[in-house]
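Residues per chain, in single letters:
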Amino acid sequence: MKLGLLKSLSSMPQSQGKKRRSSHLFIGLTVTIASLLSACSQPQSGAEPANETKTTSVQSSQEQASESFLDAYNSISSERIREDIKTLASDEFEGRLPTTAGEEKTLDLLTKAFSEAGFEPGNGDSYLQQVDLMQITADEDMILSMGDNTFNYKENMVASSKREVDSIELKDSPIVFLGYGVNAPEYDWNDYAQTDVTGKTVIVLVNDPGFAAPDSGKFQGSTMTYYGRWSYKYEEASLQGADAVFIVHETAPASYGWSVVANSWSGPQYGLVSPDKGESRVKVEGWISREAAEKVFADAGLNFEEEKAKALEGPYAKALDLNASITVKNSIEKSKSYNVFASLPGSEFPDEHIIYTAHWDHLGKDESKEGDQIYNGAHDNATGTAAILEMARAFGKLDTAPKRSISMLVVTAEEQGLLGSKYYAENPVIPLENTVANINMDAMNILGKTRDVAVVGMGKSELEDYLRDAAARQSRVLTQEDRPEAGYYYRSDHFSFAKLGVPALYAKGGTEPVDEETAQYRKRMNVIVTGCYHQVCDQYRDNWDIEGITEDTQMLFEVGYDVANAENWPKWNASSEFQR
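Worth saying up front: this structure is predicted, and the values here are computed from it rather than measured. (Residues numbered from 1 in each chain as written. Predicted model: local features only at pLDDT ≥ 70, side-chain atom pairs only at ≥ 80, totals over all residues. Heavy atoms only, no water.)

What about the state of the cysteines?
A covalent bond between the sulfur atoms of two cysteines is what we call a disulfide. Summed over all chains, the structure comprises one disulfide. Across the disulfide, Cys532 is cross-linked to Cys537 (sulfur-sulfur distance 2.1 Å). Handedness here is read from the sign of the S-S torsion; for Cys532 and Cys537, about -125 degrees, the answer is left-handed. The class for Cys537 is partly exposed, based on a relative accessible area of 27%. (Disulfide = S-S within 2.5 Å. Buried < 20%, exposed > 50% of the residue type's maximum accessible area, 1.4 Å probe, protein only.)

In structure tokens form, the structure reads like this:
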């Protein structure tokens, strides 16, 4: 996949222009100018003061719109957000795994809430968009052999297959270490250039070369590009004809520990139903731990750390003169899950949409575990789902709908690789050429109010100009995310829109607490929630400070409101890898 070659969207609607800001920001200026003009041009005696009447009418309309905006903005409620989080993350919803009873309960809650907020069904006469999924569950009784080493499932390796077959065998497949497994022409880097990997097993490093050498000028330094994502590694190896690909897990460059890999890549794995039944994918895709990689490289007479260093110098491939074997047995079930899509039609340009996104799904439950078995997903992503519901209520309170339509897309199967948003972007209800922008909400701020706003993937589009204005209302400033090396811009649902050319914004509360009391709370809560990503401890807590979520919801509400009322559409910045 070459990110520079993104889908071009066709002609822009005629409502685009050069002015950006919406009317509620300029009422004071409008009133002042109108007063001066009125004083300088008095009507002749007996003449009807038409201009004065018109100006007064415009002023009144703008003032009413501003009052309506502020009423809606201030109506966003921490109490309702809290209750929705608590409900969605309750054991009753069983971890909200797609295709389960937890999904049914989630869909019922969402459709009812959108209807009560005044949002119409967005997909014809339905709030739902069907997503055809293929659920593949690998038999955990598998062993990976590499040379003389054997590795056990979830202990030091995970493996699966996206092919629609009951069993697939990788037998005596030659192993090649292929550095970062990257083919990136725009960075003059191709690890595949000198090696034919057809029929071979490829071992690759996680992240991209910029992470290990942030000051080297390679890629984007410490900021991860899509070439560093696990999903890209699998896609590229498949395109190159490899039989299998294993990513070496290391906590720092992956940005999560081995337990996340073991939990997220085991159990039911979902994919979109594909016409070729997965034949275009590698036979086997998976991860091995660093410790496993060290043993394999030692068996080949190599030092893993030294080979990593060589891979950093430039495109690299090294045959290990070892073979890999594994048999993956699959239980396959095709199923249906659903995105939820609700719309508030625009008052002037209803065919043009600003689309907010959040994902409703999480990891369900693991009945093989002792004790707590439910992955409640309170932070990830009951918070974003609750925020999108509250934002819909706020838009529904406006006296007049924004000029453009506001749509809420709450997607399924994000945890399985952004599948719900990927399906929507490839099968859009609203044509992408009519989609003005996307604003995403995922794992929102549970650590209290902040003085800053963390922009994930900072510098990509003009949406940040709108965000800067909305943050200023709250006396906040924009900052870059604190861990750009984690590649979060490529790890949530806005990316499905971005890679097809739609400007997409992902921003949330930063790291600077608003006051000392909040700072102390952050310290206490961080001790409790650190390490709970994709774990059963991601649970709702009554002592969460929800105010950070509330102010971020208000801020993003204002961003969407302004974009919906502006003359022109936001554009990607010239430096972004994405363009329309």
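Picking up where we left off.
Things to note about the pairing of strand β2 (residues 128–138)
Examined bridge by bridge, β2 and strand β13 (residues 318–344) share eleven bridges and lie antiparallel to one another. Of the residues in β13, the one forming a bridge with Met134 is Lys334. Where β2 and strand β11 (residues 268–272) come together, five bridges link them in antiparallel fashion. In the strand pairing of β11, Ile136 is matched with Gln269. (Pairing = 2+ DSSP bridges. Helix = DSSP H or I, 4+ residues; strand = E, 2+ residues; numbered from the N terminus.)

Description of the nonpolar core
Among the nonpolar cores identified, the biggest contains 75 residues, and Ile203 and Trp287 are the most heavily contacted of them. In this structure, Leu344, Tyr521, Ile549 and Ala564 belong to the second largest nonpolar core, which totals 71 residues. (Core = buried A, V, L, I, M, F, W, Y, C linked by side-chain atoms within 4.5 Å.)

Quick word on the packing of aromatic side chains
Under the counting rule described, the total for this entry stands at 30 aromatic pairs. Between Phe219 and Tyr227 the ring centres are 6.1 Å apart and the planes differ by 80 degrees, which places this aromatic pair in the edge-to-face class. Residue Phe219 is classed as buried on the basis of its relative accessible area, which comes to 10%. The ring of Tyr489 carries the charged tip of Lys460 above its face, separated from the ring centre by 5.2 Å. Note that Arg473 overlies the ring of Tyr73, its terminal NZ or CZ placed 5.5 Å from the centroid. (Phe/Tyr/Trp six-rings, centres within 6.5 Å; stacked < 30°, edge-to-face > 60°. Lys NZ or Arg CZ within 6 Å of the ring centre and 35° of its normal.)

Topic: helix α10 (residues 304–313)
All of the buried residues in α10 are Phe304, Glu307, Lys308, Ala311 and Leu312. End-on, the buried residues of α10 take up no more than an arc of 145 degrees, which puts them together on one face. Along α10, exposed side chains directed more than 90 degrees from the buried face belong to Glu306 and Glu313. The N-capping residue of α10, defined by a side-chain oxygen 3.0 Å from the backbone nitrogen of Glu305, is Asn303. (Arc of directions from axis to C-beta. Polar contact = N/O pair within 3.5 Å; in protein donor to acceptor, adjacent residues only side chain to side chain.)

Quick look at empty space enclosed by the protein
The final tally for this structure, using the stated rule, is two cavities of 30 Å³ or more. Approximately 50 Å³ is the volume attributed to the largest cavity. Sorting the residues of the lining of the largest cavity by element identifies α13 (463–473) and β21 (504–509) as the ones contributing at least two each. A per-element tally of the lining of the largest cavity places β21 first, with three residues. A class-by-class count of the residues in the lining of the largest cavity yields seven nonpolar, two polar and two charged. (1 Å grid on protein atoms, 1.4 Å probe; cavity = no way out; pocket = protein on both sides within 12 Å on 5 of 7 lines; lining within 4 Å. Points joined across faces, edges and corners; volume = space filled by probe spheres on them. Nonpolar A, V, L, I, M, F, W, Y, C, P; charged D, E, K, R; others polar.)

Observations concerning the environment of Tyr466
By the element assignment, Tyr466 lies in helix α13. C-alpha separation for the pair Tyr466 and Pro570, spaced 104 residues apart in sequence, amounts to 9.1 Å.

What about the packing of helix α3 (residues 78–88) against helix α11 (residues 378–396)?
Here α3 crosses α11 at 135 degrees, and the two axes come no closer than 8 Å. Comparing their axes, α11 and α3 come out oblique. α11 is crossed by α3, and the crossing has right-handed handedness. Contact residues: Arg80, Ile81, Asp84, Ile85 and Leu88 in α3; Ala378, Ala382, Thr383, Thr385, Ala386, Leu389, Glu390 and Arg393 in α11. (Axes fitted to C-alpha atoms, helices over the stretch in contact; angles between N-to-C directions. Parallel < 35°, antiparallel > 145°, perpendicular 65-115°, else oblique. Left-handed = near helix turned anticlockwise from the far one by under 90°. Contact = heavy atoms within 4.5 Å.)

Things to note about the pattern of salt bridges
Inspection of the entire model under this criterion finds 24 salt bridges. Taking the shortest distance from any N to any O, the salt bridge between Arg393 and Glu390 comes out at 2.7 Å. Placement of both Arg393 and Glu390 in helix α11 is noted, with a separation of three residues, approximately one turn of the helix. The exposure classification of Arg393 matches that of Glu390, with both residues buried. Residue Arg473 pairs with Glu558 through a salt bridge whose shortest N-O separation is 2.8 Å. With Arg473 in helix α13 and Glu558 in helix α16 (residues 547–565), this residue pair connects regions lying 85 residues apart in the sequence. In this structure Glu558 comes out as buried when scored by relative accessible area, which is 0%. One network of salt bridges, with partners in common, ties together Glu250, Arg290, Glu294, Glu305 and Lys308. (Salt bridge = Lys/Arg side-chain N within 4 Å of Asp/Glu carboxyl O.)

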